[in-house]
Amino acid sequence: KNQVEQSPQSLIILEGKNCTLQCNYTVSPFSNLRWYKQDTGRGPVSLTIMTFSENTKSNGRYTATLDADTKQSSLHITASQLSDSASYICVVTRNSGNTPLVFGKGTRLSVIA
Amino acid sequence: IAGITQAPTSQILAAGRRMTLRCTQDMRHNAMYWYRQDLGLGLRLIHYSNTAGTTGKGEVPDGYSVSRANTDDFPLTLASAVPSQTSVYFCASSAQEGGEKLFFGSGTQLSVL
C-alpha cells in the first residue's frame, strides 16, 4: 500500500535550536518528494522538491535529504525562528495513476521563545 | 496578486442544506484539486480536474460534486450537507497534472450543524 508516515506528530523546540523532521514512505514507483510548510490558517506552501537522484537540497535554513534506497527523507531546520512554527507536510509523487500524490499527515512544529 | 482565491473564508451551515464552495485561480494552471483537512487525518483528495471539461474522483468523493466549465474556476458543491462534512476545505492548482508543485488557497472553514 502506498503510504507516507511522518514523525514526530508534534514537536516543541526553543528558538535558536535545530530540529529534524522525518518522512518514511512506501510509495512505488517513486517520482519525487516535496516538503510543504503550512502556517496556521493558511494553505500549504512548497519548500523543496527532491528527485530520485538528489541526496541533499537546501533552501535557506531548511535542508532536505533523501535516501531512495531506504525510502526516507528528512527536513532539517537550522537556528529555528518563531516563524518556523507551522505544520510540515511530506508529499510523495508516484510515477503512475490518476491521483499520484500521497500525503503524509504532517508534523506540527512549535518554536517557543 | 496571482494565486488561488477561495470563498467563503468560513461558513456555518445547517444539515441538509446545499452549499457551494468557490475556487478561482489566475495562473492559467491546467489541473485543480479539492482537499479536505481534518485533525489527525491530514489532507485528503475529494475531486480533481486535469483540464477544463474533465473531472475525477479522489479518495473521499461521496457527498461532493465538482464542475470545471473553464480553466479558472473549480466549484465544490455539497448537495445536502451532513455533520461529517465539517472540515477545512482547500482548493489547489498545478501547472500540469500529477506531481507538479501545488499552489493552495487559504481554505474554507465549514461547520455543518
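Please read all numbers here as calculations on a predicted model, not as lab measurements. (Residues numbered from 1 in each chain as written. Chains lettered and ligands numbered in written order. Predicted model: local features only at pLDDT ≥ 70, side-chain atom pairs only at ≥ 80, totals over all residues. Heavy atoms only, no water.)

### Section: the environment of Phe52(A)
(1) Moving on: By the element assignment, Phe52(A) lies in the loop between strand E5 (45–51) and strand E6 (56–59).
(2) Moving on: Apart from residues lying up to four places away in sequence, Phe52(A) is in contact with Phe30(A), Ser31(A), Leu66(A) and Ala68(A). (Helix = DSSP H or I, 4+ residues; strand = E, 2+ residues; numbered from the N terminus. Contact = heavy atoms within 4.5 Å.)

### Concerning the side chain of Gln6(A)
Residues and elements named next belong to chain A.
(1) Moving on: Locating Gln6 in the fold gives a position in strand E1 (residues 4–7).
(2) Moving on: In this structure the side chain of Gln6 is engaged in a polar contact, spanning 2.9 Å, whose partner is the backbone oxygen of Tyr88.
(3) Moving on: A polar contact of 2.9 Å, which involves the side chain of Gln6, links it to the backbone nitrogen of Gly106.
(4) Moving on: Excluding residues that lie within four positions of it along the chain, Gln6 makes contacts with Gln22, Cys23, Trp35, Tyr88, Ile89, Cys90, Gly104, Lys105, Gly106 and Thr107. (Polar contact = N/O pair within 3.5 Å; in protein donor to acceptor, adjacent residues only side chain to side chain.)

### Observations concerning the pairing of strand E11 (residues 107–112) of chain A
Residue and element names in this part refer to chain A.
(1) Moving on: By the alternation rule, side chains of E11 split into Thr107, Leu109 and Val111, which are all buried, and Arg108, Ser110 and Ile112, of which none is buried.
(2) Moving on: Sheet topology note: the strand E2 (residues 10–14)/E11 ladder contains 5 bridges and is parallel. Among the inter-strand pairings, Ile13 is bridged to a residue of E11, identified as Val111.
(3) Moving on: One ladder, built from 3 bridges, connects strand E9 (residues 86–94) with E11; its direction is antiparallel. Across the sheet, the residue bridging to Ala86 is Leu109, located in E11. (Buried < 20%, exposed > 50% of the residue type's maximum accessible area, 1.4 Å probe, protein only. Pairing = 2+ DSSP bridges.)

### With respect to the state of the cysteines
(1) Moving on: Summed over all chains, the structure comprises 2 disulfides over all chains.
(2) Moving on: Note that Cys23(A) is cross-linked by a disulfide to Cys90(A), the S-S spacing being 2.0 Å. Its torsion about the S-S bond being -70°, the disulfide of Cys23(A) and Cys90(A) is classed as left-handed. Here Cys23(A), found in strand E3 (residues 19–25), pairs with Cys90(A), found in strand E9; they are 67 residues apart in sequence, far enough to count as distant.
(3) Moving on: A relative accessible area of 0% places Cys23(A) in the buried class.
(4) Moving on: The class for Cys90(A) is buried, based on a relative accessible area of 0%.
(5) Moving on: Two residues share a disulfide in this structure: Cys23(B) and Cys91(B), whose sulfurs sit 1.9 Å from each other. (Disulfide = S-S within 2.5 Å.)

### A short note on the sheet that holds strand E8 (residues 72–77) of chain A
What holds strands together in a sheet is hydrogen bonding between their backbones, with the strands either parallel or antiparallel.
All names here are of chain A.
(1) Moving on: One open sheet holds the 5 strands; their spatial order is E1-E3-E8-E7-E6, and the pairing between them is antiparallel. The sheet is open, and its two edges are formed by E1 and E6, each paired on a single side. Strand-to-strand, the axes of this sheet are offset by a mean angle of 15°, without reference to chain direction. (Axes fitted to C-alpha atoms, helices over the stretch in contact; angles between N-to-C directions.)

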